[in-house]
Amino acid sequence: MTDTQRIEVWFEKLPDVWQPRAQRVRELLLEAAPAMEEKWMFKSAPFYLHCGWMCYLGFSTDKKKYGPEGQLILGFCAGVHMDDPEGLFAATEHTLIQHYLVPLPQQRMNEPALRRLLEEAVRVNELIAEERRQKKRTRKVWVPPGGPPRGPGVPAAPVGPGGAGSGPRPPPERGPEARPPGGPPPPPAPGAPPPAPPRRPGGGPPRCAPRGAGARPPPRAGSRGPGGSPELRPAAYNDRFFLKNAFIRSAHSASSMPPVTCVLGCSSVLPMRR
């Protein structure tokens, strides 16, 4: 079933006394703007779109509020932004939507006032759509300090102290040993000694020092630390499987040092035998 067929079924299900008045309101809505669209939305009611949602029709069967005949309601989606000099809007609990209660079939409907209200709704929707387009045009786009990226063969825009387009920027000064960020280091001069490995802040041996240059060799199997305690190693040194087994072995061993619980996110230390 198409949207037009669903809308026709909705109008046919209205009470007989409301059908002529509802069809007249529908004609006024479609005449309000040449590009007005009628769509079936939310599986409940017909909507009328012009530069977005503008109006919708609904029917209430609340007998305590509107009586036994019910009430045909014309809702304006952006009614809070509309001018209503003739006071056609009814009180509602919505913050954005405003309601126009269509008069009962036996009452006279002020069609000229309703036409002016629909024209105001069209004007407000067009203004809102234009404001959205302006925001998209003026949306800030980040530009790198050296100007927008350019393809091969396109000259760079002159950039000066005042920003892009204010004048040429002098090239940065580079020394004989300067290199681009992330590039390989310059080759050593002929006859120069190899660079010394980096040293620790505390003055100890370098982290990657070769064997025999002061580096501590790895502990052998069965070695013990000061006082005869098992060798201590950080938890990050072992994988999860080895760490679990080491924890179980240390818990059942005769070591005087109790096992330390491993907490995720912390660099804990476990006693283990090598």
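Residues numbered from 1 in each chain as written. Predicted model: local features only at pLDDT ≥ 70, side-chain atom pairs only at ≥ 80, totals over all residues. Heavy atoms only, no water.

Colleague: Sorry if this is basic, but what is going on with the overall build of the protein chain here?
Modeller: Secondary structure assignment for the protein chain yields five helices and nine strands. Of the regular secondary structure in the protein chain, the N- to C-terminal order runs α-α-β-β-β-α-β-β-α-β-β-β-α-β. Relative to its full complement of 274 residues, the protein chain shows a buried share of 29%. Partitioning the intrachain contacts of the protein chain with sequence separation of at least 6 by distance along the chain shows that 48% fall at a separation of at least 24. Here the protein chain has roughly 19600 Å² of accessible surface; of this, 58% comes from carbon and sulfur atoms. (Helix = DSSP H or I, 4+ residues; strand = E, 2+ residues; numbered from the N terminus. Buried < 20%, exposed > 50% of the residue type's maximum accessible area, 1.4 Å probe, protein only. Contact = heavy atoms within 4.5 Å. Areas by Shrake-Rupley, 256 points an atom, 1.4 Å probe, with all protein chains shown as cover.)

Colleague: In this structure, what is going on with the pattern of salt bridges? I would like to understand it.
Modeller: Should their charged atoms come close, side chains of opposite charge can pair. Tallied over the full model, the rule gives twelve salt bridges. The shortest N-O distance in the salt bridge between Arg 26 and Glu 38 comes to 2.8 Å. With a gap of twelve residues between them, Arg 26 in helix H2 (residues 19-31) and Glu 38 in strand E1 (residues 37-41) connect regions that are remote in the sequence. Of the residues examined, Arg 26 reaches a relative accessible area of 9% and is grouped as buried. (Salt bridge = Lys/Arg side-chain N within 4 Å of Asp/Glu carboxyl O.)

Colleague: How should the sheet that holds strand E3 (residues 53-60) be read in this particular structure?
Modeller: Two orientations exist for strands paired in a sheet by backbone hydrogen bonds: parallel and antiparallel. Overall, antiparallel pairing links the five strands, which are arranged E1-E2-E3-E4-E5 in an open sheet. Of all strands in the sheet, those with a lone pairing partner are E1 and strand E5 (98-101), marking the two edges. In this sheet, adjacent strand axes meet at a mean angle of 25 degrees when their direction is disregarded. Relative to the sheet, helix H1 (residues 3-12) contacts E1, strand E2 (45-49), E3 and strand E4 (71-76), its axis offset from that of E1 by approximately 80 degrees. (Pairing = 2+ DSSP bridges. Axes fitted to C-alpha atoms, helices over the stretch in contact; angles between N-to-C directions.)

Colleague: Would you mind showing me how to read the confidence of the model for the protein chain here?
Modeller: Overall, the predicted model of the protein chain reaches an average pLDDT of 73, with 55% of residues at or above 70. In this model residues 231-238 is a low-confidence stretch, pLDDT under 50, and it forms 24 contacts with partners more than four residues away in sequence or in other chains. Predicted confidence is poor over residues 254-274, with pLDDT under 50, and the contacts of this stretch with residues over four places away or in other chains come to 49 contacts. (pLDDT = per-residue confidence, 0-100.)

Colleague: Would you mind showing me how to read unusual backbone geometry here?
Modeller: Negative phi is the rule for most residues except glycine; trans is the rule for most peptide bonds. Phi at Phe 42 takes a positive value of approximately 60 degrees, unusual for a residue other than glycine. Take Phe 42: it is sitting in the loop between E1 and E2. The exposed category is assigned to Phe 42, whose relative accessible area is 53%. Of note, the phi angle at Lys 43 is positive, near 55 degrees, even though the residue is not glycine. With respect to the helices and strands, Lys 43 occurs in the loop between E1 and E2. Looking at Lys 43, the relative accessible area reads 78%, which means it is exposed.

Colleague: Can you help me understand H2 in this one?
Modeller: An α-helix turns once every 3.6 residues. As a result, residues three or four positions apart point the same way. Taking 1.5 Å as the rise per residue, H2 with 13 residues should run 18 Å; its terminal C-alpha atoms sit 19 Å apart, in good agreement. Among the residues of H2, Arg 21, Ala 22, Val 25, Arg 26, Leu 28 and Leu 29 are the ones counted as buried. The arc that holds the buried residues of H2, viewed along the axis, is 160 degrees, so those residues lie on one side. (Expected span 1.5 Å × (residues − 1). Arc of directions from axis to C-beta.)

Colleague: Would you mind going over the packing of aromatic side chains with me for this structure?
Modeller: Here a ring pair, both rings aromatic, is described through the centre-centre distance and the interplanar angle of the planes. Applying the stated criterion to the full structure yields seven aromatic pairs. Ring centres of Phe 42 and Trp 53 lie 5.5 Å apart, and the angle between their planes is 85 degrees; on these two criteria the pair is classed as edge-to-face. Here Phe 42 is found in the loop between E1 and E2, whereas its partner Trp 53 is found in strand E3, with eleven residues between them in sequence. Taken together, the aromatic side chains of Phe 42, Phe 47, Trp 53 and Tyr 56 make up a single cluster linked through ring pairs. (Phe/Tyr/Trp six-rings, centres within 6.5 Å; stacked < 30°, edge-to-face > 60°.)

Colleague: Explain the nonpolar core to me, please; I cannot follow it from the model alone.
Modeller: One recurring pattern in soluble globular proteins: nonpolar side chains tend to sit buried together. Membership of the largest hydrophobic core comes to 32 residues, with the highest contact counts inside it found for Phe 11, Leu 29, Cys 55, Leu 57, Leu 74, Phe 76 and Leu 118. Within the residue set of this core, elements represented by two or more residues are H1, H2, E3, E4 and helix H4 (111-137). Of all the elements, H4 adds the most residues to this core, at six residues. In this view, Leu 118 contacts Leu 28, Leu 29, Ala 32, Cys 55, Leu 74 and Phe 76; residues no more than four positions away in its chain are not counted. Of all hydrophobic cores here, the second largest spans five residues; its members include Met 41, Phe 47, Tyr 56 and Cys 77. (Core = buried A, V, L, I, M, F, W, Y, C linked by side-chain atoms within 4.5 Å.)

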